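The primary structure of each chain is shown beneath.
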Amino acid sequence: MSLKPLIIAAALLPLWASAAEPQHFGLRADIPLEQTSPAPGLKPVLKESGRKSLNYVNQPPLVPHKVQGYQITQSTNRCLQCHDVDNYLTTGAPRVSPTHFTDRDGVVQPQVAPRRYLCLQCHVTQADVTPPVANDFTGLGQFAKD
Ligand code: HEC
Ligand code: HEC
């Protein structure tokens, strides 16, 4: 049997599936896809919310405080001024994870490795908002209780 009809059928499958699915616009609200939607306003980040439990193993913990105005440049990293191994005892901030000192070649560095320097790439703040799209994700905590 020739593979061609199979490949074409496989290529058309997503089209068929998307036609059958109800459309979710998420952050776009009800603005059609062919129109540019205005960027949603910034949501107020909770100032101090207390450390959050993890939803899965190896999750980057959520940031439980405001980060507005915290600069990260080549010469200064505001997050490390509280979280680095030299400072955490005096600031009371949780110490940056030891995994953050291993560079991409697996070599442990004396400072936080470049690939872990932009903290907000992985650690995110929280705002009290209604999720634009409902989901039924069950975190580790809830799962463990079942
Ligand atoms: C002024 C000091 C200070 C600065 C600057 C700071 N933090 Fe924190 N951070 C804290 C303290 C204190 C806590 C613990 C809060 C608590 O116990 O409620 C914390 C908690 C956290 C946690 C939670 C850790 C966990 O295990 O639950 C993360 C993640 C975090 N901060 C990331 C950041 C990032 C990213 C930045 C930079 C954008 C930053 N912090 C800047 C003091 C600071
Ligand atoms: C590429 C993603 C990534 C970046 C960038 C990153 N982190 Fe993390 N961080 C993680 C993950 C994943 C964990 C949990 C697993 C671990 O410890 O490696 C974590 C854990 C932590 C913890 C908790 C440590 C503990 O013992 O529970 C702190 C505090 C933290 N990071 C601070 C920072 C700070 C400050 C920066 C910026 C200098 C940063 N992280 C950059 C992914 C990242």
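Criteria and cut-off values
Residues numbered from 1 in each chain as written. Chains lettered and ligands numbered in written order. Predicted model: local features only at pLDDT ≥ 70, side-chain atom pairs only at ≥ 80, totals over all residues. Heavy atoms only, no water. Helix = DSSP H or I, 4+ residues; strand = E, 2+ residues; numbered from the N terminus. Buried < 20%, exposed > 50% of the residue type's maximum accessible area, 1.4 Å probe, protein only. Contact = heavy atoms within 4.5 Å. Phe/Tyr/Trp six-rings, centres within 6.5 Å; stacked < 30°, edge-to-face > 60°. Lys NZ or Arg CZ within 6 Å of the ring centre and 35° of its normal. Near = heavy atom within 4 Å. Polar contact = N/O pair within 3.5 Å; in protein donor to acceptor, adjacent residues only side chain to side chain. Donors = N, O, S within 2.8 Å, 3.2 Å for Na, K, Ca; no water. Tetrahedral: all angles 85-135°; square planar, octahedral: opposite > 155°, others 65-115°. pLDDT = per-residue confidence, 0-100.

What follows concerns the overall build of the protein chain. Along the backbone of the protein chain there are four helices and zero strands. Reading the protein chain from its N terminus to its C terminus gives the helix and strand order α-α-α-α. Residues counted as buried form 12% of the 146 residues belonging to the protein chain. Taking the intrachain contacts of the protein chain between residues at least 6 apart in sequence as the baseline, contacts between residues at least 24 apart amount to 42%.

Time to look at the packing of aromatic side chains. Under the definition given, this model contains zero aromatic pairs. Just above the ring of Tyr70 sits the side chain of Arg78; from NZ or CZ to the centre is 5.3 Å.

Lining the immediate environment of ligand 2, one finds 21 residues, of which Thr99, His100, Cys119, Cys122 and His123 sit closest. A distance of 2.5 Å separates an oxygen atom of ligand 2 from a polar atom in the side chain of Thr99. Residue His100 places a side-chain N or O atom 2.7 Å away from a nitrogen atom belonging to ligand 2.

Protein coordination at the iron atom of ligand 2: the donors are His100 (NE2) and His123 (NE2), at 2.0 Å from the metal. What the six donor atoms of the iron atom of ligand 2 show is an angle range of 86 to 179° at the metal, which sorts the shape as octahedral. In this pair, His100 sits in the loop between helix H3 (88-91) and helix H4 (140-145) while His123 sits in the loop between H3 and H4, placing the two residues 23 residues apart along the sequence. His123 shares its class with His100; the two are buried.

In this section: the site of ligand 1. As a matter of local geometry, ligand 1 sits amid 19 residues, with Arg51, His65, Cys79, Cys82 and His83 nearest to it. Between an oxygen atom of ligand 1 and a side-chain N or O atom of Arg51, the distance comes to 2.8 Å. Note that a nitrogen atom of ligand 1 is positioned 2.8 Å from one of the side-chain N or O atoms of His83.

A relative accessible area of 13% places His100 in the buried class. A polar contact of 3.0 Å, which involves the side chain of His100, links it to the side chain of Thr99. Once you skip the residues sitting within four places of it in the chain, His100 turns out to touch Val112, Ala113, Arg116 and His123.

Once that is clear, we can look at the confidence of the model for the protein chain. Per-chain confidence: the protein chain averages 83 in pLDDT, with 79% of residues scoring 70 or above. Summarising per-element confidence for the protein chain, the mean pLDDT is lowest in helix H1 (residues 4-20) (55) and highest in helix H2 (residues 78-83) (97).

In this model, Asn58 sits at a positive phi of 70°, which is unusual for a non-glycine residue. Within the element layout of this structure, Asn58 appears in the loop between H1 and H2. Looking at Asn58, the relative accessible area reads 74%, which means it is exposed.

Attention shifts here to the environment of Thr76. Of note, Thr76 is situated in the loop between H1 and H2. When residues no more than four places from it in sequence are discounted, the contact partners of Thr76 are Gln71, Gln81 and Tyr117.

The next point concerns the environment of Pro64. By the secondary structure assignment, Pro64 is in the loop between H1 and H2. Note on Pro64: relative accessible area 16%, which makes it buried. Between the C-alpha atoms of Pro64 and Thr125, which are 61 residues apart in sequence, the distance is 6.4 Å. Here Pro64 is in contact with Lys47, Glu48, Ser49, Gly50 and Arg51, once residues within four sequence places are set aside.

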